[in-house]
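Letter by letter, the chains look like this.
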Amino acid sequence: MAQGSPQRGRTAVVTGANTGVGLEVARGLARLGATVVLACRNVDAAAAARHDILRTVPNARIDVVHLDVSDLASVRACAQELRAGHPVIDILVNNAGVMHQTRQVTVDGFEGDFGTNFLGSFALTGLLLDCVLASTAGRIIAVNSKTSRGGRIAFDDLQLEKSFTPAVAYTQSKLAQLMAAYELQRRLDSSGSTAISLAAHPGGCRTGILREQSPSVRWVFNRRFRYLTGWFTQDPADGALPMLRAATDPAAAGGQFYGPGGRFEQIGPPVLVQAARRAHDVEAQRRLWNIAEDLTGVTYPLTREPS
């Protein structure tokens, strides 16, 4: 059964939609009637995901575009293709993400998690923002993580050349993504836009990111242990529900953050949740935003900055 309000006539772009939570968000939006664009690094995997969605939603309208969110040239090319094919984007779901176990550097020279999870989605959103603003009710969803609450922004070492660990890199990138979502909402409000920026996290979801967070938890994915792991993890279809609520709930408002409402925000139906206090640091949000603009070369087409 579809979760959310009808979306017929609306267009949604979901990044990293070939597997896991992204695939289930795309499937959920398709069930609600939206035209869905799967923006993925592996177009063959995306084509297989498209067929999988069509198997369960036979009349779905699904497109595929190439996007490597860790490569700014790819981000720009994808944005150009999307702008040509979909001048109005009603929902943009920034889902694509990574968690590297060793320090990696993107083709643009950024620390891998920071460059992919934050800077890539920041650039894509800025390049597509006029398409979202063309919608009468545009929404931008940052797919975040509850681990962002443990993050710190290392302004003196953003690329983590001195202080890399997998957890530090991942939580910094997700905190940065969440802070940018809040800063974007403030800028949308200041410009008088009807578009809104929200965030959501899937809780303890059995996806590749969970496996990367701790390779020792592979047993979580074994169905023999599902009676136990069901207490603190859920399948991608359930993990997708907070993002679907953020994307489609008519009562959702800009700046809200959704996550599972059950045990420790690991499982359960989607509810409003709270971010760490540091995520609401306006001065840090603005500083981070300016750095992201400088690093990506992308500025947002909004008429006024917030006071």
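Residues numbered from 1 in each chain as written. Predicted model: local features only at pLDDT ≥ 70, side-chain atom pairs only at ≥ 80, totals over all residues. Heavy atoms only, no water.

**Q** Would you explain the sheet that holds strand β8 (residues 270–272) in this entry?
**A** Within a sheet, adjacent strands bond to each other through the backbone by hydrogen bonds, running parallel or antiparallel. A sheet is described by the order of its strands in space; here eight strands give the open sequence β3-β2-β1-β4-β5-β6-β7-β8, paired in mixed fashion. The open sheet has two free edges, formed respectively by β3 (61–66) and β8, since each of these has just one partner strand. For this sheet, the mean inter-axis angle between neighbouring strands, taken without regard to orientation, is 20°. Looking at chain direction, strand β1 (residues 11–15) and strand β4 (residues 91–94) are connected through three bridges and run parallel. Bridging from a neighbouring strand, Val13 pairs with Leu92 of β4. Across the sheet, helix α1 (residues 20–31) lies against β1, β2 (35–40), β3 and β4, angled at about 170° from β1, the strand it touches most. (Pairing = 2+ DSSP bridges. Helix = DSSP H or I, 4+ residues; strand = E, 2+ residues; numbered from the N terminus. Axes fitted to C-alpha atoms, helices over the stretch in contact; angles between N-to-C directions. Contact = heavy atoms within 4.5 Å.)

**Q** What is the right way to read the packing of α1 against helix α9 (residues 241–248) from this model?
**A** How two helices pack is summed up by the angle between their axes together with the distance between the axes. Running from N to C, α1 and α9 cross one another at 45°; their axes reach a closest spacing of 9 Å. Taken together, α1 and α9 sit at an angle that is classed as oblique. Every pair of crossing elements has a handedness; the one defined by α1 and α9 is right-handed. On α9, the residues touching Val21, Glu24, Val25, Gly28 and Leu29 of α1 are Met243, Leu244, Ala247 and Thr248. (Parallel < 35°, antiparallel > 145°, perpendicular 65-115°, else oblique. Left-handed = near helix turned anticlockwise from the far one by under 90°.)

**Q** I tried to follow the pattern of salt bridges on my own but got confused; where do I start?
**A** A side chain with one charge can pair with a side chain of the opposite charge if their charged atoms come near. Taken as a whole and assessed by the stated rule, the structure comprises nine salt bridges. Across the salt bridge formed by Arg10 and Asp90, the nearest N and O atoms sit 3.6 Å from each other. Placement of Arg10 in the segment before β1 and of Asp90 in the loop between α3 (72–85) and β4 is noted, with a sequence separation of 80 residues between them. Using a relative accessible area of 8% as the deciding quantity, one classes Asp90 as buried. The salt bridge partner of Glu183 is Arg186, with a shortest N-O separation of 1.9 Å. Taken together, the residues span about one helical turn, with Glu183 and Arg186 both in helix α5 (residues 166–191) at a distance of three residues. Under the relative-accessibility criterion, Arg186 is labelled partly exposed at 21%. A single salt-bridge network, built from bridges that share partners, covers Glu24, Arg27, Asp52 and Arg55. (Salt bridge = Lys/Arg side-chain N within 4 Å of Asp/Glu carboxyl O. Buried < 20%, exposed > 50% of the residue type's maximum accessible area, 1.4 Å probe, protein only.)

**Q** Would you mind showing me how to read the pairing of β4 here?
**A** A regular strand places its side chains on the two faces of the sheet in alternate fashion. Here β4 shows two buried faces, one formed by Ile91 and Val93 and the other by Leu92 and Asn94. Bridging between β4 and strand β5 (residues 139–143) involves four bridges; their strand directions are parallel. Residue pairing across strands places Asn94 opposite Ala142, the latter belonging to β5. Taken together, β4, helix α4 (residues 112–133) and β5 form a β-α-β motif whose crossover is right-handed. (Right-handed = clockwise from strand over helix to strand, strands pointing away.)

**Q** When you look at helix α2 (residues 43–56) in this model, what are you seeing that I'm missing?
**A** Given 3.6 residues per turn, any residue in an α-helix points the same way as the ones three and four places further on. When the terminal C-alpha atoms of α2 are compared, their 20 Å separation across 14 residues agrees well with the 20 Å that a helix rising 1.5 Å per residue should span. All of the buried residues along α2 are Ala46, Ala49, Ile53 and Leu54. Buried residues of α2, seen end-on, are gathered within an arc of 140° and therefore sit on one face of the element. Exposed residues on α2 whose side chains face more than 90 degrees from its buried face are Asp44, His51 and Arg55. (Expected span 1.5 Å × (residues − 1). Arc of directions from axis to C-beta.)

**Q** Just checking my understanding: could you explain the environment of Leu119 for this structure?
**A** With respect to the element layout, Leu119 can be found in helix α4. Sequence separation between Leu119 and Trp289 is 170 residues, and the spatial gap between their C-alpha atoms is 9.9 Å. In contact with Leu119, not counting residues within four places along its chain, are Leu72, Phe110, Phe114, Ala292, Leu295 and Thr296.

**Q** Explain the nonpolar core here, please?
**A** The tendency in soluble globular proteins is for nonpolar side chains to be buried as a group. Ranked by size, the top nonpolar core spans 52 residues in total, and within it Phe118 and Tyr300 carry the most contacts. At the level of secondary structure, the elements contributing two or more residues to this core comprise β2, α3, α4, β5, α5 and α10 (282–296). Looking at this core, the element that brings in the most residues is α4, giving eleven residues. Those residues in contact with Tyr300 that lie beyond four places of it in its chain are Phe122, Thr125, Gly126, Leu129, Leu184, Trp289 and Glu293. Counting 36 residues, the second-largest nonpolar core is a separate cluster that includes Ala12, Leu38, Leu54 and Leu241. (Core = buried A, V, L, I, M, F, W, Y, C linked by side-chain atoms within 4.5 Å.)

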